[in-house]
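# Descriptive analysis of the structure
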Amino acid sequence: EPEVTQTPSHQVTQMGQEVILRCVPISNHLYFYWYRQILGQKVEFLVSFYNNEISEKSEIFDDQFSVERPDGSNFTLKIRSTKLEDSAMYFCASSEGIGLDGYTFGSGTRLTVV
Amino acid sequence: AQSVTQLGSHVSVSEGALVLLRCNYSSSVPPYLFWYVQYPNQGLQLLLKYTSAATLVKGINGFEAEFKKSETSFHLTKPSAHMSDAAEYFCAVSRPGTASKLTFGTGTRLQVTL
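Residues numbered from 1 in each chain as written. Chains lettered and ligands numbered in written order. Predicted model: local features only at pLDDT ≥ 70, side-chain atom pairs only at ≥ 80, totals over all residues. Heavy atoms only, no water.

Scanning chain A from terminus to terminus reveals 0 helices and 11 strands. Going residue by residue from the N terminus, the α and β elements of chain A occur as β-β-β-β-β-β-β-β-β-β-β. Against the compact-globule benchmark of 13 Å for 114 residues, chain A has a radius of gyration of 13 Å, which places it among compact chains. Projected onto the principal axes, the alpha-carbon positions of chain A cover approximately 40 × 25 × 25 Å. Residue burial in chain A is summarised as follows: out of 114 residues, 47% are buried. As presented, chain A carries roughly 5700 Å² of accessible surface, and 45% of it is formed by carbon and sulfur atoms. A gap of 6 Å separates the mean positions of the 9 positive and 15 negative side-chain charges of chain A. (Helix = DSSP H or I, 4+ residues; strand = E, 2+ residues; numbered from the N terminus. Rg over C-alpha atoms; globule rule 2.2 N^0.38 Å. Buried < 20%, exposed > 50% of the residue type's maximum accessible area, 1.4 Å probe, protein only. Areas by Shrake-Rupley, 256 points an atom, 1.4 Å probe, with all protein chains shown as cover. Lys, Arg positive; Asp, Glu negative; His and termini not counted. Charge placed at Lys NZ, Arg CZ, Asp CG, Glu CD.)

Pasting the structure below:
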């Protein structure tokens, strides 16, 4: 069964450093998403991406965040200057277009900012 | 705006007993509804989805959910709990027609006891 692949599974970084979280969505999917889950809290939407541009973003997704699809297969989330409160599990997801098949999530990257 | 309310952050059932996890939604348009399961230290796995076809939806692992428009509910049930069902369960809503973001509930942790 097709799956969404995320790397790394764990990332520890110092406050103020830049991190890039990587995702390989399902190959025939057109819509890509990043969500995050702070420990013990609910899953929150960050951003959606379609046709090489952001289609929607949440208030969490401020100027320190950016997304990119650099090569037609990878989908990345960059945090420019990490803060302690960025520590969370970050999930990438993809969907085929109109949501009928649901959204397939990756297994997540646990980001710890120290 | 769309939202989901999951009643009960923790539910405990005995093995073999009925599982009932409650989800109520709010949406200005007919929604798509989803249940996801998250096992410890893992990603989100789609259990089942409602996308305006049959109101009784069957998913994986013996789970099912019924869309009740009059009650704005989409409760998840399983006739007989198994120890392996212990996990966090998230109800989510999205707008149909475009692959819009998922809005998640706060989750319900299911404990299954002997």
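Now that the structure has been shown, we can carry on.
Moving on to the interface of chain B and chain A. In this assembly, 22 residues from chain B lie in contact with 21 residues from chain A. Taking both partners together, chain B and chain A bury about 1700 Å²; carbon and sulfur atoms supply 58% of that area. Counting across the interface, chain B meets chain A through 1 salt bridge. A salt bridge links Lys 101 of chain B to Glu 56 of chain A; the nearest nitrogen and oxygen atoms lie 3.5 Å apart. (Contact = heavy atoms within 4.5 Å. Buried area = accessible area lost by both parts, 1.4 Å probe. Salt bridge = Lys/Arg side-chain N within 4 Å of Asp/Glu carboxyl O.)

Residues and elements named next belong to chain A. The sheet built from 4 strands is open, its strands ordered E1-E3-E8-E7 with antiparallel pairing. Both edges of this open sheet fall to strand E1 (5–7) and strand E7 (65–68), since each of them pairs with a single strand only. Recorded for the sheet is a direction-independent mean angle of 20 degrees between the axes of neighbouring strands. The pairing of strand E3 (residues 19–24) with strand E8 (residues 75–79) spans 5 bridges and is antiparallel. Considered in E8, the bridge of Leu 21 is made with Leu 77. (Pairing = 2+ DSSP bridges. Axes fitted to C-alpha atoms, helices over the stretch in contact; angles between N-to-C directions.)

What follows covers the pattern of salt bridges. Residue and element names in this part refer to chain B. With the rule as written, the count across this model stands at 5 salt bridges over all chains. The partner of Arg 109 in a salt bridge is Glu 88, and the shortest N-O contact between them spans 2.8 Å. Separated by 21 residues along the polypeptide, Arg 109 in strand E12 (residues 108–113) and Glu 88 in strand E10 (residues 87–94) bring together distant segments of the chain.

Let us look at the packing of aromatic side chains. Using the criterion set out here, one finds 21 aromatic pairs over all chains in the structure. Between Phe 32 of chain A and Phe 75 of chain A, the ring centres sit 5.5 Å apart and the planes meet at 40 degrees, which makes this aromatic pair tilted. Placement of the pair is Phe 32 of chain A in strand E4 (residues 31–37) and Phe 75 of chain A in strand E8, with a sequence separation of 43 residues. Classification of Phe 32 of chain A as buried rests on a relative accessible area of 4%. Phe 75 of chain A sits in the buried class, given a relative accessible area of 0%. Taking the centre distance of 6.4 Å and the plane angle of 80 degrees together, the rings of Phe 91 of chain A and Phe 105 of chain A count as edge-to-face. Here the residue Phe 91 of chain A occupies a position in strand E9 (residues 88–95), and Phe 105 of chain A occupies one in strand E10 (residues 104–105), the gap between them amounting to 14 residues. We classify Phe 91 of chain A as buried; its relative accessible area is 0%. Chaining the aromatic ring pairs together yields one cluster made of Tyr 33, Tyr 35, Phe 45, Phe 91, Tyr 103 and Phe 105 of chain A together with Phe 34, Tyr 36, Phe 90 and Phe 104 of chain B. (Phe/Tyr/Trp six-rings, centres within 6.5 Å; stacked < 30°, edge-to-face > 60°.)

Bringing the state of the cysteines into the picture now. For the structure shown, the criterion picks out 2 disulfides over all chains. Across a sulfur-sulfur distance of 1.9 Å, Cys 23 of chain A and Cys 92 of chain A are joined as a disulfide pair. When the S-S torsion is -65 degrees, as for the bridge of Cys 23 of chain A with Cys 92 of chain A, the disulfide is left-handed. Here the residue Cys 23 of chain A occupies a position in strand E3, and Cys 92 of chain A occupies one in strand E9, the gap between them amounting to 69 residues. Exposure remark for Cys 23 of chain A: the relative accessible area of 0% places this residue in the buried category. In this model, Cys 23 of chain B is linked to Cys 91 of chain B through a disulfide, with the two sulfur atoms separated by 2.0 Å. Disulfide Cys 23 of chain B-Cys 91 of chain B: the torsion about the S-S bond is -65 degrees, which places it as left-handed. With Cys 23 of chain B in the loop between strand E3 (19–21) and strand E4 (24–26) and Cys 91 of chain B in strand E10, this residue pair connects regions lying 68 residues apart in the sequence. The burial state of Cys 23 of chain B is the same as that of Cys 91 of chain B; both residues are buried. (Disulfide = S-S within 2.5 Å.)

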